[in-house]
Amino acid sequence: MFKNILILLLINCIVACNHTTKQKDKKDIFIDPTEQVSATDLFSSYQYIALETTADNLISKIDKVQIDSTNNRIYVMDQERAAVFIFDSHGKFIHKIQHIGRAPEEYSSLEDFMMYKSDIYCLARSGKINCYSETGDFLRGYKLDNWYNNFVILNDSLMYLYSENSNNKKFNFILYDYKNDVYLKEFDPFSKNQNFLFQTTPFNRVEDSLLITKPFDLTVYLLDENAMVPWNTFSFNTPDKIPDDYENMSMEILNHNLRGKSLVKRLDHITKEKNMIWITYEIFYPDLGYRSLVSSYDLDSKKAKTFRSGDDIDTQIPFIFNPLLFYKDQLITYFPAIAALDIAKRYSLNIFKNDTIQETDNPILFFNKLKH
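When you go through the chain residue by residue, the secondary structure sums to 3 helices and 25 strands. A globule of 372 residues ought to have a C-alpha radius of gyration of about 21 Å, and the chain, at 22 Å, matches this closely. The C-alpha extent of the chain, read off along each of the three principal axes, is 80 × 50 × 40 Å. Within the chain, buried positions represent 53% of all 372 residues. Put simply, of all contacts in the chain between residues at least 6 apart along the chain, 52% involve residues at least 24 apart. Across the chain, the centroid of the 42 positively charged side chains sits 3 Å from that of the 50 negatively charged ones.

Spatial strand order, β3-β4-β5-β6: 4 strands in an open sheet with antiparallel pairing. Sheet topology places β3 (64–68) and β6 (93–97) at the edges, where each strand pairs with a single neighbour. Neighbouring strand axes in the sheet, compared pairwise and without regard to direction, differ in orientation by 20° on average. Strand direction decides the pairing type here: strand β5 (residues 83–88) and β6, joined by 4 bridges, are antiparallel. By the bridge assignment, V84 is partnered in β6 with I97.

The next thing to look at is the layout of surface pockets. In this structure, the second largest pocket spans a volume of roughly 360 Å³. For the lining of the second largest pocket, the elements supplying multiple residues, two or more each, are β14 (182–189) and α2 (251–257). Here the lining of the second largest pocket is built from residues that sort into 8 nonpolar, 6 polar and 5 charged.

In this section: the packing of aromatic side chains. With the rule as written, the count across this model stands at 22 aromatic pairs. Seen from their ring centres, Y132 and F138 are 5.9 Å apart, and the 65° between their planes marks the pair as edge-to-face. By relative accessible area, which is 0% here, Y132 ends up buried. Using a relative accessible area of 35% as the deciding quantity, one classes F138 as partly exposed. A network of ring pairs unites the aromatic residues Y46, Y48, F319, F321, F335, F352 and F366 as a single cluster. For K64, the ring lying beneath its charged end belongs to F113, and the centroid distance is 5.3 Å.

The rules behind these values
Residues numbered from 1 in each chain as written. Predicted model: local features only at pLDDT ≥ 70, side-chain atom pairs only at ≥ 80, totals over all residues. Heavy atoms only, no water. Helix = DSSP H or I, 4+ residues; strand = E, 2+ residues; numbered from the N terminus. Rg over C-alpha atoms; globule rule 2.2 N^0.38 Å. Buried < 20%, exposed > 50% of the residue type's maximum accessible area, 1.4 Å probe, protein only. Contact = heavy atoms within 4.5 Å. Lys, Arg positive; Asp, Glu negative; His and termini not counted. Charge placed at Lys NZ, Arg CZ, Asp CG, Glu CD. Pairing = 2+ DSSP bridges. Axes fitted to C-alpha atoms, helices over the stretch in contact; angles between N-to-C directions. 1 Å grid on protein atoms, 1.4 Å probe; cavity = no way out; pocket = protein on both sides within 12 Å on 5 of 7 lines; lining within 4 Å. Points joined across faces, edges and corners; volume = space filled by probe spheres on them. Nonpolar A, V, L, I, M, F, W, Y, C, P; charged D, E, K, R; others polar. Phe/Tyr/Trp six-rings, centres within 6.5 Å; stacked < 30°, edge-to-face > 60°. Lys NZ or Arg CZ within 6 Å of the ring centre and 35° of its normal.

Here it is as C-alpha cells:
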C-alpha cells in the first residue's frame, strides 16, 4: 500500500513538473486589428486549383479540406450534402463518400471527417465513426459512447474526440483507443450539456504538437496524452470583449449577448512557421458584417500584422476569403467560381485563361504562400 502511494506521488510530481515546464513557454500576444496591412504584406504568391464539376460532385459549400501529398489527393467535406469529395492534385474528380441512412455502413449526418492512411473516417453526430476506402467501400465502424462533433486521428490506435460542451459525458476532449475500443483519458470538464455547436474543429497540427482552440476562449492550448496546458493567450484591440466570467455562462446565452458585438469569439486556425505565428479569425463590424482576418505575429520583434478580407482587392493576392486551413507554408482559402470570375474580370486578372471555368462550377481552392 505504501509503495503504491509513493508511485502515485511520483507520477503526480512528474505531471506537475511537465505542466510547469510548458507554462514557462506561454506568452501573451497582443494584436490590434485596426492596424491593417495589404495582402502582399502577409503573402508572397498564390496558386489555385479549380475543382472539376460533374453531375455527381456538385459542392454546395466547403466545410473542411484535407491535403494528402503522399498520394496527391484533395479531400473536400460538404456537410449539407453529407459527403466527402476526392480530387487529385490537379482538381480532377475521383470519387465521393456519401452513405446517408440508418444502416450500419451508413451515417445520418456528417460532422467531421479525416483521411488516414488512404482510408476516410466519417463522424456522425449520432455517435459513430465509419471508415471507408477511397472508392467508397465500407471497411469498419466504431460505435462511440456519446455524441461528438470533431475528432483527430493520432496513430493506428489513438484518436481525440471533441464534444464542444455538448454531450452527457461532460468532458470536451477524450483520448480514445479506437483499435481496442477503450476510453483512456478525459480533459476539459464542463458542468452542463449545452447542445450548442460552432462547427469549427478545435484541432490544429503545428510542428509536432496538437494545438487546441475553443469558443469564447482566446487561449490556445497544447494537448498531449498527459495534460492540456496553455500555450499562448491572445488579446485584441476591439471595441467589445468577451466577459471575464464567460465560463459561468451557457454558450447559447453568451453567443446571444455577444451578437452584433465587435470582438473575436474564437480563433479558427493557427500555425507556427519558425519564429512566426499565424492565426485566422472573424470579427463582426456593424457597418460591414462579419469579416475574415489573418494575423501574423513575430515572436522576436513582438510585432503583429493583420489583413482584413473584403476591403480593397489586392490584385497580387486577391483571394484571401473563407480560410480553410494552414497547410505547410500556405493558407488554403476558397471562393465560389462565379465570384472568382467576377473579380478576375473587374480587375483584369488574366489568371484563369488556361481553364474553362464556368460560373456554375464548383468552388476554387487558393493556396496562398505565407511571407516570412
